[in-house]
Amino acid sequence: MVKDTTASSNTPKGSYMFATGKRKTAVASVRLYKGEGNITINGIALKDYAHNKYETDTLISALVLTDARTKLDCSIEVSGGGRHAQLEAIRHALSRALVQHELMLRPTLKKAGFLTRDSRVKERKKPGLKRARRSPQWAKR
């Protein structure tokens, strides 16, 4: 899906690829632009958003795998979930946007497992139980 931006001041002007990624309750929206590799997450630069090397590697792993790290700018909005779920939602959204940008990248990203939506979420609590499956403690007497 190619769109043309005109309204927002902090995002680059021009056409972009848009995709959404999810993990648990985290939802990430990604816009890919032609550029030199600038990444902003919720208006914050990548180096300020990521706390350590693991987080940085998780965020840009799809871009590094497809050699698009220095060719595209990314504008990302993410909400919900915890830190790790947000990182994986961003990776999922980036992968989906890259496939829209260039269809030949699909086998590479699919093999790495970046296109698969991880649907595991917390199970609901059942009535009469303490948690989803934890039953009350049993006493013999």
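Bear in mind that the values here come from a model prediction, so they are computed numbers and not experimental data.

Calculation notes
Residues numbered from 1 in each chain as written. Predicted model: local features only at pLDDT ≥ 70, side-chain atom pairs only at ≥ 80, totals over all residues. Heavy atoms only, no water. Phe/Tyr/Trp six-rings, centres within 6.5 Å; stacked < 30°, edge-to-face > 60°. Helix = DSSP H or I, 4+ residues; strand = E, 2+ residues; numbered from the N terminus. Buried < 20%, exposed > 50% of the residue type's maximum accessible area, 1.4 Å probe, protein only. Lys NZ or Arg CZ within 6 Å of the ring centre and 35° of its normal. pLDDT = per-residue confidence, 0-100. Contact = heavy atoms within 4.5 Å.

**Some words on the packing of aromatic side chains**
Step number 1: Enumeration according to the criterion identifies one aromatic pair in this entry.
Step number 2: A centroid spacing of 5.4 Å and a plane angle of 50° characterise the contact between Y16 and Y33, whose relative ring orientation is tilted. Placement of the pair is Y16 in strand β2 (residues 14-23) and Y33 in strand β3 (residues 26-34), with a sequence separation of 17 residues. For the pair Y16 and Y33, a shared accessibility class is recorded, and that class is buried.
Step number 3: In this structure, R83 is placed above the aromatic ring of Y49, and the distance from its NZ or CZ to the ring centre is 4.3 Å.

**Comments concerning the confidence of the model for the protein**
Step number 1: A residue-level look at the protein finds 91% of positions with pLDDT of 70 or above and a mean pLDDT of 91.
Step number 2: Under a pLDDT of 50 for its full length, residues 5-9 has, in the predicted model, eight contacts with residues more than four places off or in other chains.

**Brief notes about the environment of T58**
Step number 1: As for its position among the elements, T58 is in helix α2 (residues 53-65).
Step number 2: Sequence-wise, T58 and I90 are 32 residues apart; in three dimensions their C-alpha atoms are separated by 8.8 Å.
Step number 3: Sequence-distant contacts of T58, that is, excluding residues within four places in its chain, are made with L87 and R91.

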